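Understanding the architecture of this molecule
Below, each chain spelled out in residue letters.
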Amino acid sequence: MTPAQAAWLRALRNLGRFEEFDLQLAGMFARQDPQLPESAMWVIACLSQQIQRGAVCLTLAGLAAETPPAVNPSVPWPANAADWVTLLRRVPAVGVPGQIRPLVLDGSSGRFYSYRHWDLEQRLARELRQRAGWAPVAEARVVRRALNALFPADEPAASLQGLAAALAASGRITVLTGGPGTGKTTTLARMLAVLLHARPASRVALVAPTGKAAARMEEALGGALARLPAQWRVTVPAQATTLHRLLGLRPGAAHLPRFHPAHPLPVDILALDEASMVDLALMTRLVEALPDTARLILLGDPDQLASVEAGAVLGDLCESPLGFSPMQARRLVELTGWSMSPATARDDHPLRDHRVHLTHNHRFGDSPGLARLAAAVNGGDAAAVHCLLTGEGEPEVSGSAEPGLMMEQVLAGYAPYLDALTAGTAAAEVLGRFEQFRVLCAHRAGPFGVDGLNARIEAALRRRGYLLGEGLWTAGRPVLVTRNDPGARLANGDVGLILPDRSGRLQAVFRRSDGSVHAISPARLGAWETAFAMTVHKTQGSEFDTVLLVLPSEDSPLLTRNLLYTGVTRARRRLRVVGPVEIWESALARRQQRASGLGDALRRPQAIGDHECY
Ligand SMILES: Nc1ncnc2c1ncn2[C@@H]1O[C@H](COP(=O)(O)OP(=O)(O)OP(=O)(O)O)[C@@H](O)[C@H]1O
């Protein structure tokens, strides 16, 4: 690295804008290339930072809109996106699409990638494009008979759900989206009935991103399958599994998973729940490991928080306007006998003909305030949110700007579990009661973050005599497992309790999806943390009867509408919110946005060699 490059790196470090990892990466490229301009080091640090924040790439238009860092005015700085392209083209480490170089500049779209993310995006787009298209599972009369029996015309709520099943029966990819309680799982059960009646020997896999989400899928789908009309009942695997387990991915991800393109998964139908939580790399691995003939059904809510790792795949798949192309509408009319009109808007997104969005919430029938609040949050309607939280009209939702009564609300929420704990009730019952209520936070740090609140809740419970005994292993302590631990049969995200067994010895107990209790010695717990309060991120894929959502007193870029929506929709019956109005307002105005080129890659196959549009 030249002295000028080293000085520049030091100056960037002093800015305090980047993590050390971003700067180390920029430094590594500078060590390889003494000619690397300072501005290019800046872009590399920005790209690394954006990837850590979940983006797949950097847009040069966004970069050009930023003011140059106030570091060294004598350093030449590109004036616009076209100048950035010219500058980056001269860097040997930067290739055009299709060239194997550490960094990729797609000049036609103005996107700057690491090779890994560019390659993942192209591979996923290629796989999805190949799967798109008309591929009926059986003759039209077989499909039509099943659809008409399972989605009767006198059930108007079922019409979109029926359409989704028609897509699953006529194509190898189906994207079924909708908010909580809109009937995604119910529809999946009926889709499986249609598909398995057409091809009874089909092998089905049920999968979700986390152990918790897999357990919920298993439970909810089991119920929905049991509600099918007797003559349409079908047998599917009793167990849903996590994506990692299904693919045979080992920690470290450096090895090939057990299933990959040369050794595909032995499945004919794969249903993935909570697809919004799946990142670009994992989705690519999944789709590549599927046999070409398999049917993939993605279920999820694209308005929720996107994956922890880079990508917002479900959101990108839902980027086109809703509605079918004229050709697809015509085919569906022929297949189903139902009437429908094509969309007027044109869009070449290949998944537009494979996607249905459910809108009617069936579960919030008893809690219309929750449905209204979720819709207002999702629409960013601050006035409606304020009105719902502070008005008298909707008893199941309420909000307070002042945290004064927060601890009383926590104690009231946990009262059924604390009573069961004190009475020495059986572990399954105590666990069930604990699962009814949860305190959710936006962040980990700060007085209203998970760490601060857990400490305060624990202290309050000790003062009131609910938690006895010193130290970590205290009867009643909720524990959240934070790393997969196959040896202990625990998955990242599992929540359990420390409870005494009949002889008074403390155990860590976890409830399985079949209602049974799994108990291990607390000493066998690997990575875990206390879980009276949890982040919204960690509870994605779970629901509770009552949620207390606590927002911080300081604004931050991580407070987004998607985070609020995900938090609000964790509540099944009742939601209490604590947090200043201005924090709500600014979070509602901020959408989680992740730069990605997947939508474009799906629409147009990459022209390798690249052409400029600047
Ligand atoms: N067409 C329908 N008519 C009447 N009730 C329905 C219909 N579809 C679903 N329901 C009911 O709505 C409730 C929620 O359905 P379901 O669990 O399938 O929704 P979901 O979208 O999977 O929810 P979540 O995302 O929270 O898991 C269930 O009680 C289900 O029986």
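Residues numbered from 1 in each chain as written. Predicted model: local features only at pLDDT ≥ 70, side-chain atom pairs only at ≥ 80, totals over all residues. Heavy atoms only, no water.

Per an unreviewed UniProt entry, the recorded name for the protein chain is RecBCD enzyme subunit RecD, and the organism is Candidatus Macondimonas diazotrophica. According to the UniProt record, the Catalytic activity (unreviewed entry) comment for the protein chain reads "ATP + H2O = ADP + phosphate + H(+)". As its UniProt record puts it under Subunit (unreviewed entry), the protein chain is described as follows: "Heterotrimer of RecB, RecC and RecD. All subunits contribute to DNA-binding." (UniProt positions renumbered as here; feature names shortened; annotations may be inferred.)

The residue Glu-274 is not glycine, and still its phi comes out positive at about 50 degrees. Inspection of the secondary structure puts Glu-274 in the loop between strand 8 (269-272) and helix 12 (280-289). A residue is classified by how much of its surface remains accessible, and Glu-274, at 10% relative accessible area, is buried. (Helix = DSSP H or I, 4+ residues; strand = E, 2+ residues; numbered from the N terminus. Buried < 20%, exposed > 50% of the residue type's maximum accessible area, 1.4 Å probe, protein only.)

On to the pairing of strand 3 (residues 103-106). Alternating residues of strand 3 divide into Leu-103 and Leu-105 and Val-104 and Asp-106, and every residue in both groups is buried. Pairing of strand 2 (residues 94-95) with strand 3, which is carried by two bridges, proceeds in the parallel orientation. What sits directly across from Gly-95, in strand 3, is Val-104. Between strand 3 and the antiparallel strand that follows it, strand 4 (residues 111-114), lie four residues; Gly-110 among them carries a positive phi value of about 70 degrees. (Pairing = 2+ DSSP bridges.)

This paragraph deals with the environment of Ala-208. Take Ala-208: it is sitting in strand 6 (residues 204-208). Taking the C-alpha atoms as reference points, Ala-208 and Glu-408, 200 residues apart in sequence, are found 36 Å from one another. Not counting the four nearest positions on each side in its chain, Ala-208 is found in contact with Ala-213, Ala-214, Thr-241, Thr-242, Leu-243, Leu-272 and Asp-273. (Contact = heavy atoms within 4.5 Å.)

Here the UniProt-annotated "binding site: ATP" (unreviewed entry) positions come out as Gly-178, Gly-179, Pro-180, Gly-181, Thr-182, Gly-183, Lys-184 and Thr-185. Along the chain, Pro-180 falls in the loop between strand 5 (173-178) and helix 9 (184-198). As for its position among the elements, Thr-185 is in helix 9. Sequence-distant contacts of Thr-185, defined by excluding residues within four places in its chain, comprise Ala-220, Leu-221 and Ala-224.

Around the ligand, a shell composed of 15 residues is seen, among which Lys-184, Thr-185, Thr-186, Arg-363 and Glu-543 lie nearest. In this structure, a nitrogen atom belonging to the ligand sits 3.1 Å away from a side-chain N or O atom of Gln-161. Within the side chain of Glu-543, one N or O atom sits 2.8 Å away from an oxygen atom of the ligand. For the ligand, whose accessible area on its own is 630 Å², the fraction buried by protein is 76%. Counting residues per element, the shell around the ligand draws most heavily on helix 9, at three residues. Here the shell around the ligand is built from residues that sort into one nonpolar, eight polar and six charged. (Near = heavy atom within 4 Å. Polar contact = N/O pair within 3.5 Å; in protein donor to acceptor, adjacent residues only side chain to side chain. Areas by Shrake-Rupley, 256 points an atom, 1.4 Å probe, with all protein chains shown as cover. Nonpolar A, V, L, I, M, F, W, Y, C, P; charged D, E, K, R; others polar.)

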